[in-house]
Amino acid sequence: MKKLVALLLAVMMIAALLPIVASADEPVTITYLVTGDIPTNRTDEVLAMINEKLIEKVGAKLEIRWIEWTDWTTNYNLAIATQSGDIDLVGTATDWLDAWPNTQKGGFLPLSEEMLKEYAPLTWAAIPADHWEKCKFNGEIYLIPEDQYAQWTNHGFMYRGDWAAEAGLADGVHSWDDLGKYLAYVKENKPDVIPWDADGNGSSYSQQMSGGWQTSHTGNIYIEGMGVDLFYGESAENPYTLSTYYLDSDEFVNFAKTMKSWADAGYWRTDVLNYTGDVAAEMKEGTTAARQHHTETWTGFRTEMENAQPGSDLGFFWFGEEMGNVVTLNITHGAMAIASSSKNPEKALQVYDLLRNDPELYQLMMYGIPGEMYTLDDNGYIARPEGWDEAVMGCTFNWWWGRNDGIGLRAADRDWETIDKLYAVYNEKAVTYPYGQFIFDRTNVSMYLDNLSNVYNTYMPRIVFGMVEDPEAYVAEYRAALKAAGIDLVMEEIQRQLDAVYAK
Amino acid sequence: MEKEKVLNRSLPRVTGTQRFIRNVKQSRILLLMCLPAVIFFFVFSYMPMPGAYIAFTNFQYNKGIWGSPFVGLQNFRFLFISGQLSLLLKNTVLYNLAFIVVGNVVQLAFAIMLNEVRNRYFVKVTQSLMFLPYFISDVLVSLLVYNLLNYDYGFVSNLVRSAGGVMPKLYQNAGAWPVIIVLVNLWKGTGYGTVVYFAAITGIDTSMMEAAQIDGANGWQRIRYITLPCLKPTVVILFLFAIGGILKGNFGLFYNLVGNNSMLFGTTDIIETYVYRAMMNSFNFAQSSAVGLFQSVVGFFIVLGANALVKRIEPDMALF
């Protein structure tokens, strides 16, 4: 018996030591945390090719940990909160992922200039000093911004150009008024089509719709990362004064009234607040006429719609178009962070530096195996082989934290002529996002913010989808509830912190 | 009593440890059978318990639970200043009471009915079919309910309309939802509970039944005077177990059925859905743990109270 126990112990000790002995020359594994469903296409194959190069160049290999879209916010934050050296690179964002709250809670590693210069020299050199400034919290850099990639994620409505023309909108939809006319025409003339078959379950439309009306009718600018979407700056000329739109603006009442009239007219389902459907799929089938999402989505969806509904000429009405009120994307809409428990932050930076800046690796990751998965056409655009299906034949890395226009390629199937026309308008009108250096510290008011979050998520869905008897009275009730939940205190605190950063 | 003590002392000395070892040896099979449950509760319920301390901290990821700054009762405050607590408590408790009372009555009834059926295959098939909804996720349940009840295209709506009736807009009518939710919960849970009671009935001594039959008791009388009284301890124990969770709502069920439809919140908002709405954007572990701790502590005292009450009325049936 004793012998057996001794033997067992010996085996266990050897087993425990084995990885340490063996790891002397083994490449370090860098785990990359990313949101997205686990791909079932040829990602693993491409990853193996990337790893071959990474091992050769920096002695590290990449492993991907996916946070699938089901309950992604919770699972993403949980993965960061419960890290134990099991993640290294973390794809993050200050608007749609909680980059700053996670920084404040100690989820990310501060990156010293020396570290960045030594281990991510190309990235360090490419990002200007004022951009690094926007990635600092308490004087230290925590994020590497995706600032070399032009994209527009301002929201709006996609509509069918062919039906808009039928409706007498020859120029397309360019205002909420036009949108109303368009939806009315569809309701009247296309009996099998629900004008906008919104999937109103969940609260995702509250900010987009209400904020959309707001930026179309005022100069207000959205301040991101506040947790509750009630806080806007006054205007591009006066950005550091908080707007009181949700407390006293008549425009908000107009919005509630308009949405009530749209609901009554049947532009969406009666039970929209509990409907979970796929608007994009329905639009491709031709059973709905509008989809609410952002510009970048539209650029790809226009092609998809052209294939599914030839001649649909998918147009885009962007929120703020009436006032020319549009803001450039914050450079930390995508950013890479290093997990605070990472055992190999230096290697992680080296890997990031290569993936972001090495043309061969970058293009392999972004577009797949050249010659096999794509070829370049006369314009230098990417052309996919016949019968291409990204979900089966492509590779997916969801690299939204360091895309690089300098070495990137454009997709040949997108309608660049139309897209560039819109981009030109944006470039002309847009002001730079004014709150890039503002990191809100919620400690003093977190209780009130949580209660405001409840009030917001209780009242807004009904206002947005016009599910109210008397919009004016309901808005008044909402405003009283916001007051009761402490919005004045919160706004005072935000104003104080804004003033501290952007002292006049 | 005194005599026994004296006798014990005069016996050859058996120490406490020896007696303990002897007892363990004698009941080793029983103990072995308990072991998985003991391990389960130790690992999943007792080991994490010190972590409840997180509710009193301003939790920092890189400092861990014990290294994070202590903030006292700060995390509990938000629930109390919301002004919603009384509505939330009312809804949560009333729904749970309805689930417990209606659920148990229906489960008992089905178990007794199944027991009266003589065809074994019929019993097996019925049991399995009744059990099935228990495994259907709340997300699917909500889709089913939506597709049945939605005003524009729902199955029930179409049925009502084609029969010439007027379909009420259920998704705008808060009053209808307590009924719908209790029904859905019954549909999901009845099969499961029935099995428990059915098993308890099978455990009843058959000689009692036979004796009653010989004495001329009819079926109804056998149920009334033998089955039900024999099930009383099971009912009481299940009730005591259930009542500890009376402040805990079934988030999945409520959130999926109601979602963000605040027209229904008056009768459907429970503590869990409120906490979700308030903290969906802030991801505050400490605050949500505070709410959980509050629910557990209150539930603990309710169990103690209920148990004391049972002990007074029927001492044998109390848990401890």
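As shown above, the structure is provided for reference.
Everything numeric here is computed off the predicted structure, so don't read it as measured data.

Engineer: Help me out: how do you make sense of the overall build of chain B in this one?
Structural biologist: Looking only at helices and strands, chain B features 16 helices and 0 strands. Its C-alpha atoms give chain B a radius of gyration of 26 Å, clearly above 20 Å, the size a compact globule of 320 residues would have. Along the three orthogonal principal directions, the C-alpha set of chain B runs to about 85 × 70 × 35 Å. Across chain B, the fraction of contacts at a sequence separation of at least 24, relative to all contacts at a separation of at least 6, is 65%. Accessible surface, chain B as shown: approximately 19,100 Å² in total, 68% of it carbon and sulfur.

Engineer: Would you explain the packing of aromatic side chains in this entry?
Structural biologist: Aromatic ring pairs are defined here through the distance separating the ring centres and the angle between the ring planes. Residue and element names in this part refer to chain A. By the definition in use, this model includes 72 aromatic pairs over all chains. Their ring planes at 90° and their centres at 6.0 Å tell us that Tyr205 and Phe465 sit as a pair that is edge-to-face. Of this pair, Tyr205 sits in helix α10 (residues 204-217) while Phe465 sits in the loop between α19 (446-464) and α20 (471-484), and the two are 260 residues apart along the sequence. Overall, Tyr205 belongs to the buried group, its relative accessible area being 9%. The side chain of Arg410 reaches across the aromatic face of Trp416, ending 3.7 Å from its centre.

Engineer: What should I look at first to understand the interface of chain B and chain A in this one?
Structural biologist: Many authors give the size of an interface as the accessible area that is lost as the parts come together. At the junction of the two partners, chain B supplies 40 residues and chain A supplies 40 residues. Of the roughly 3,300 Å² buried where chain B meets chain A, counting both sides, 50% is carbon and sulfur surface. On inspection of chain B and its partner chain A, the count reaches 0 salt bridges. Those elements that place two or more of their residues in the side of chain B that touches chain A are α5 (74-81), α8 (138-149), α13 (251-258), α15 (271-279) and α16 (285-313) of chain B. Looking at the side of chain B that touches chain A, its residues break down into 21 nonpolar, 15 polar and 4 charged.

Engineer: Which parts of the structure should I look at to understand the environment of A:Lys187?
Structural biologist: Residues and elements named next belong to chain A. Inspection of the secondary structure assignment puts Lys187 in helix α9 (residues 176-189). The residues contacting Lys187, other than those within four sequence positions of it, are Pro195, Ala265, Gly266 and Tyr267. For Lys187, the side chain forms a polar contact with the main-chain oxygen of Gly266, separated by 3.3 Å.

Engineer: Please explain the sheet that holds strand β11 (residues 314-318) of chain A as it appears in this structure.
Structural biologist: Two orientations exist for strands paired in a sheet by backbone hydrogen bonds: parallel and antiparallel. All names here are of chain A. With antiparallel pairing, the 3 strands of this open sheet are ordered in space as β10-β7-β11. Edge positions in the sheet fall to β10 (290-294) and β11, since each of these pairs with one other strand and no more. The sheet shows a mean angle of 30° between the axes of neighbouring strands, direction not considered.

Engineer: Would you mind showing me how to read the sheet that holds strand β3 (residues 89-92) of chain A here?
Structural biologist: The strand order β2-β1-β3-β12-β6 (chain A) describes an open sheet built from 5 strands, whose pairing is mixed. Edge strands, defined here as strands with exactly one partner in the open sheet, are β2 (60-67) and β6 (144-145) of chain A.

How each quantity is defined
Residues numbered from 1 in each chain as written. Chains lettered and ligands numbered in written order. Predicted model: local features only at pLDDT ≥ 70, side-chain atom pairs only at ≥ 80, totals over all residues. Heavy atoms only, no water. Helix = DSSP H or I, 4+ residues; strand = E, 2+ residues; numbered from the N terminus. Rg over C-alpha atoms; globule rule 2.2 N^0.38 Å. Contact = heavy atoms within 4.5 Å. Areas by Shrake-Rupley, 256 points an atom, 1.4 Å probe, with all protein chains shown as cover. Phe/Tyr/Trp six-rings, centres within 6.5 Å; stacked < 30°, edge-to-face > 60°. Buried < 20%, exposed > 50% of the residue type's maximum accessible area, 1.4 Å probe, protein only. Lys NZ or Arg CZ within 6 Å of the ring centre and 35° of its normal. Buried area = accessible area lost by both parts, 1.4 Å probe. Salt bridge = Lys/Arg side-chain N within 4 Å of Asp/Glu carboxyl O. Nonpolar A, V, L, I, M, F, W, Y, C, P; charged D, E, K, R; others polar. Polar contact = N/O pair within 3.5 Å; in protein donor to acceptor, adjacent residues only side chain to side chain. Pairing = 2+ DSSP bridges. Axes fitted to C-alpha atoms, helices over the stretch in contact; angles between N-to-C directions.

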